[in-house]
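Listed here are the chains, written in short residue letters.
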Amino acid sequence: VLVGRAMGKLQSKISFHTSRYRADGSVGETGPAPAVRQHGPAHTDAVTSVAALKPDLCVSGGRDKSVAVCSWRSGAVLRRFLGHEREVTKVTSALDSNRVFSASRDKTVMMWELHGTSGPSQHFPGHELVVTGLAVSPDASQLCTGSRDNTVCKWDTETGECLGRAAISRNLVTHLCWVPGEPYVIQTSEDKTIRIWDSRELQVAHTFPAKRHIQTCCDVSQDGRYCLSSSSGSAGEGGEATLWDLRQTRNRVHEYKGHFQTTTSCVFLPRGPALAPSIATSSYDSTVKVWDRDTGGRE
């Protein structure tokens, strides 16, 4: 188990042997883990969201209303984008794209050009409450957004035009992610459900059986075969992550239980050539756990 309880304590007190993931997905030799490299802060307040932009770049959004593009190798903040009036809630980008998207409590979404000006290149207003879901198509031509106003919207990223809007009662969106190579978008909600949207007509193509707790986050495997969702929880009740089959059967495959509070995030990890497929989860219980995707066992 990789446990992130009080990172400072981990860095100073624990030394263990591990395989090191590289940016290209390969794995280095097993040996003593190097000291964690720390850089200066990219934001002046809490960081609320982070996403991959390019193999050596990441984009983050913060409570300071800014969007930052950083090199994780050097720690340098390469770009800072300003324009939101309130906290940034989500950031995303099509991998290897020069376009960055951010959602905010100011009810809007903005698009930024990596090599453009510091202001937004496109603006997507229209939600009535905080925007809490953000997913861009693999070719970066379309954007799906979701909000606590119970709506999901589809946008043309070139023109900023709203191409569709769908409302479902009590569908307080918590997260959105696009299925690679498909016109489908996965969505989690405070109504405890996970929905698959067909982005072409912006209609629900499938709804998985409702869970017992609020669904906080979702992710899709790079091959598009599986999706993950994570649950709220407390005192050891709930807080699990769930693996779902996106193929015809669309069954629940595994549950990953071990967090004692709300599981806030879940991701599929890059797979090395000699490693079993793995996932990672993070929680309000101050831990990060890595799991064997297929057995549900912790690594």
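Up top is the structure.
Residues numbered from 1 in each chain as written. Predicted model: local features only at pLDDT ≥ 70, side-chain atom pairs only at ≥ 80, totals over all residues. Heavy atoms only, no water.

Chemist: Explanation requested: the pattern of salt bridges in the structure shown.
Modeler: As a working rule, side chains carrying opposite charge can pair if their charged atoms are close by. In the structure shown here, the tally under the stated rule is 14 salt bridges. Here Glu240 and Lys211 are joined by a salt bridge, their closest N and O atoms 3.2 Å apart. Of this pair, Glu240 sits in the loop between strand S22 (237-238) and strand S23 (241-245) while Lys211 sits in the loop between strand S18 (203-207) and strand S19 (215-220), placing them 29 residues apart in sequence. The class of Glu240 is buried, set by a relative accessible area of 8%. (Salt bridge = Lys/Arg side-chain N within 4 Å of Asp/Glu carboxyl O. Helix = DSSP H or I, 4+ residues; strand = E, 2+ residues; numbered from the N terminus. Buried < 20%, exposed > 50% of the residue type's maximum accessible area, 1.4 Å probe, protein only.)

Chemist: Mind showing me how you'd approach the sheet that holds strand S4 (residues 57-62) here?
Modeler: Strand pairs in the sheet, formed through backbone hydrogen bonds, run parallel or antiparallel to each other. Overall, antiparallel pairing links the 4 strands, which are arranged S3-S4-S5-S6 in an open sheet. The sheet is open, and its two edges are formed by strand S3 (47-54) and strand S6 (77-82), each paired on a single side. Going from strand to strand, the sheet's axes swing by 20° on average, the running direction of each strand aside. Judged from the 6 bridges that link them, S3 and S4 form a sheet pairing that is antiparallel. Looking across to S4, one finds that Val47 is bridged to Gly62. (Pairing = 2+ DSSP bridges. Axes fitted to C-alpha atoms, helices over the stretch in contact; angles between N-to-C directions.)

Chemist: Sorry, what's going on with the pairing of strand S15 (residues 173-178) here?
Modeler: Remember that side chains alternate between the two faces of the sheet whenever the strand is regular. Most of S15 sits out of view: 6 of its 6 residues are buried. Pairing geometry for S15 and strand S16 (residues 184-189), over 5 bridges, is antiparallel. Considered in S16, the bridge of His175 is made with Thr188.

Chemist: Please explain the side chain of Ser104 as it appears in this structure.
Modeler: Counting through the fold element by element, Ser104 comes out in strand S8 (residues 99-104). In this structure Ser104 comes out as buried when scored by relative accessible area, which is 0%. If near-sequence neighbours (up to four positions away) are discounted, Ser104 is found in contact with His84, Arg86, Glu87, Val88, Thr89, Val130 and Val131. (Contact = heavy atoms within 4.5 Å.)

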